[in-house]
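# Report on the structure
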Amino acid sequence: MGRMERRPAGANLAGLRDHNAALVLSLLRARAEGGSRVQLAAQTGLTPQAVSKIVGRLLADGLVVEAGRGESTGGKPRTLLALRPEAGCAVGIELDRQRSTILLLDLAGTTLRRRSVDIGLASGEPERVVGALAKGVSQAVRAAPDGAKVLGVGVGCRGPLDYETGTLHRPAGLPAWDGFPLRGLLESLLDASLDVPNVLLDKDTNVAALAAPAAVSGSTAYLHLADGLGAGLLLNGAVYRGARTNAGEFGHQVLQPDGPRCTCGARGCLEALCMAALADDDPRTAARWLGIGAANLVRLLDIDRILLGGHQIFASPDVYLRAVADQIAEHLPEPEWQSVQVSLTPAGASAVAVGAAQLVIDSALGGI
Ligand SMILES: [Zn+2]
């Protein structure tokens, strides 16, 4: 059965094409020696015709090249295809409360340039903050290698926000940003001479989920524990955003109705329980709560890979890795059958900025 038949009903065709082209590229990214069309079809589950179409587009745009011939296995030798990492790049931004990170990523996922600035959502007037980001983007774009096509700018920011319109919605404790058209203002402030074709705004947790090498199949949940707690969901390899693009409010599941007050106004949210434990300098209890929430999520969506990130996780990584794995093993009826891989995000503290650039690359390459 082809990959498309396994997709959930209702996924739109543009989204599918993005995902499939991005998947082919991510496989080529992982194969320094290159890969043949036949190998790509076998690894993606796509039909050979679909792979040939995608490869044709990528060759025409100069993003991949033919790189010799592979070993013959009896038939005629296969043409190998290889990624040209230097053909394109994207700017990724993590817009946090107090700081922002702006980096430039090439097609192979290599960070070419990374800068942090002491300006964030809580720094003052939104117009001023976005103006500082636009300046940082200009500097990053001007540092792009000669001949590299700049595919766009991705911004990863805390929710709630609307991915379609690029506006924020009542982020906790940040009233000035309620309804603020962040994406539109950033687009308008970028110098036209920079030729940046695409600006995207997505939740920090969604983009961070994209910072790991794409899984060919199965579902990944990225859990981010920093000043708050949220999740990014890659279901069957594609970002799941939900009807209002606000899926992933993992931290606001109520686990203890008479528990501590949460920033959202409710009591006993998972986020509030984790934060209360961390305020008591007790990461083990926070990790146990996170593990309980993760086990619920695994059972609800049959997730097979959990990635952990955010500064609280990196402060005690082993405590969180063990507690999450333990809670999942404890709560799944058949842990041998429902094997779940738990690991730290390979992009570390840069996961949001790297993933924001990756979102732009996946989006742009699927659309060529
Ligand atoms: Zn809450």
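Heads up: the structure comes first, above all this text.
Reference entry: report on the structure contained in this document. Predicted model, so just to flag it, every value in this text is computed and none were measured. (Residues numbered from 1 in each chain as written. Predicted model: local features only at pLDDT ≥ 70, side-chain atom pairs only at ≥ 80, totals over all residues. Heavy atoms only, no water.)

Given a rise of 1.5 Å per residue, 13 residues ought to cover 18 Å, and the 18 Å separating the end C-alpha atoms of helix H3 (residues 48–60) matches this to within 8%. Buried within H3 we find Val51, Ile54, Val55 and Leu58. Looking straight down H3, one finds that the buried residues subtend no more than 100 degrees of arc, so they occupy a single side. Across from the buried face of H3, at angles greater than 90 degrees, the exposed residues are Gln49, Lys53 and Ala60. Gly62 occupies a position one or two residues after H3 and carries a positive phi of about 75 degrees. (Helix = DSSP H or I, 4+ residues; strand = E, 2+ residues; numbered from the N terminus. Expected span 1.5 Å × (residues − 1). Buried < 20%, exposed > 50% of the residue type's maximum accessible area, 1.4 Å probe, protein only. Arc of directions from axis to C-beta.)

Another point: the pattern of salt bridges. Counted according to the given criterion, the structure contains eight salt bridges. The salt bridge involving Asp227 is made with Arg158; its shortest N-O contact spans 3.8 Å. Here Arg158 lies in the loop between strand E7 (149–157) and strand E8 (161–162) and Asp227 lies in the loop between strand E11 (220–225) and strand E12 (229–235), a separation of 69 residues in the sequence. Using a relative accessible area of 39% as the deciding quantity, one classes Asp227 as partly exposed. (Salt bridge = Lys/Arg side-chain N within 4 Å of Asp/Glu carboxyl O.)

What follows deals with the coordination of the zinc ion. Listed as protein donors to the zinc ion are His252 (ND1), Cys262 (SG), Cys264 (SG) and Cys269 (SG); their distances from the metal cover 2.0 to 2.3 Å. Between the donor residues of the zinc ion, the gaps in sequence give the motif H-x9-C-x1-C-x4-C. You can call Cys262 buried: its relative accessible area is 6%. (Donors = N, O, S within 2.8 Å, 3.2 Å for Na, K, Ca; no water.)

Once that is clear, we can look at the packing of aromatic side chains. Applying the stated criterion across every chain yields a total of one aromatic pair. Look at Trp177 and Phe180: their rings are 5.3 Å apart centre to centre, the planes differ by 70 degrees, and that puts the pair in the edge-to-face class. Take Trp177 and Phe180: they sit in the same class, and that class is buried. The ring of Tyr163 has Arg241 lying over it, and the distance from NZ or CZ to the ring centre is 3.7 Å. (Phe/Tyr/Trp six-rings, centres within 6.5 Å; stacked < 30°, edge-to-face > 60°. Lys NZ or Arg CZ within 6 Å of the ring centre and 35° of its normal.)

As a further point, take the sheet that holds strand E2 (residues 64–69). Pairing in this open sheet of three strands is antiparallel, and the strands run E1-E3-E2 from one edge to the other. Lying at the two open borders of the sheet, with one neighbouring strand each, are strand E1 (35–36) and E2. Taken together, the four bridges between E2 and strand E3 (residues 79–83) define a ladder with antiparallel strand orientation. Bridge pairing in E3 links Glu66 to Leu81. Sheet strands touched by H3: E2 and E3. Its angle to E2, the strand with the most contacts, is close to 110 degrees. (Pairing = 2+ DSSP bridges. Contact = heavy atoms within 4.5 Å. Axes fitted to C-alpha atoms, helices over the stretch in contact; angles between N-to-C directions.)

By size, the foremost hydrophobic cluster in this structure holds 46 residues, and its most contacted members are Leu40 and Leu107. Elements represented by at least two residues in this core include exactly helix H1 (13–30), helix H2 (37–44), H3, E3, strand E5 (100–106), helix H6 (204–209) and helix H11 (351–366). Once you skip the residues sitting within four places of it in the chain, Leu107 turns out to touch Arg29, Leu63, Leu83, Arg84, Pro85, Ala87, Gly88, Leu151, Ile361 and Leu365. Counting residues in hydrophobic clusters, the runner-up holds 33 residues, among them Val129, Ala148, Val150 and Val199. (Core = buried A, V, L, I, M, F, W, Y, C linked by side-chain atoms within 4.5 Å.)

The next subject is the pairing of E11. Counted residue by residue, E11 has six buried out of six residues, so it is predominantly covered. Of the two faces of E11, both are covered, the one formed by Thr220, Tyr222 and His224 as well as the one formed by Ala221, Leu223 and Leu225. The pairing of E11 with E12 spans six bridges and is classified as antiparallel. In the strand pairing of E12, Tyr222 is matched with Gly232. Examined bridge by bridge, E11 and strand E14 (residues 305–309) share five bridges and lie parallel to one another. Note that in E14 the partner of Thr220 across the bridge is Arg305.

With that settled, consider the environment of Ala172. When you line up the elements, Ala172 lands in the loop between strand E9 (167–168) and helix H5 (182–189). For Ala172 and Thr263, which are 91 residues apart along the polypeptide, the C-alpha to C-alpha distance reads 6.5 Å. Ala172 has contacts with Arg97 and Thr263, leaving out every residue within four places of it along the chain.

Before going further, it helps to spend a moment on the layout of surface pockets. What the second largest pocket holds in volume is close to 780 Å³. Put simply, the parts of the chain that give the lining of the second largest pocket at least two residues each are H6, E11, E12, helix H7 (270–279), helix H9 (311–315) and H11. When the residues that make up the lining of the second largest pocket are grouped by side-chain class, the tally is 15 nonpolar, 12 polar and 12 charged. In this structure, the lining of the second largest pocket is formed jointly by two domains, domain 2 (88–208 + 351–366) and domain 3 (216–346), each of which donates at least three residues. (1 Å grid on protein atoms, 1.4 Å probe; cavity = no way out; pocket = protein on both sides within 12 Å on 5 of 7 lines; lining within 4 Å. Points joined across faces, edges and corners; volume = space filled by probe spheres on them. Nonpolar A, V, L, I, M, F, W, Y, C, P; charged D, E, K, R; others polar. Domains from an automatic or database assignment.)

The next thing to look at is the environment of Glu125. Residue placement: Glu125 occurs in the loop between strand E6 (111–117) and helix H4 (126–142). Here Glu125 falls in the exposed class, since its relative accessible area comes to 52%. Measuring from C-alpha to C-alpha, the distance between Glu125 and Leu278 comes to 30 Å, with 153 residues separating the pair along the chain.

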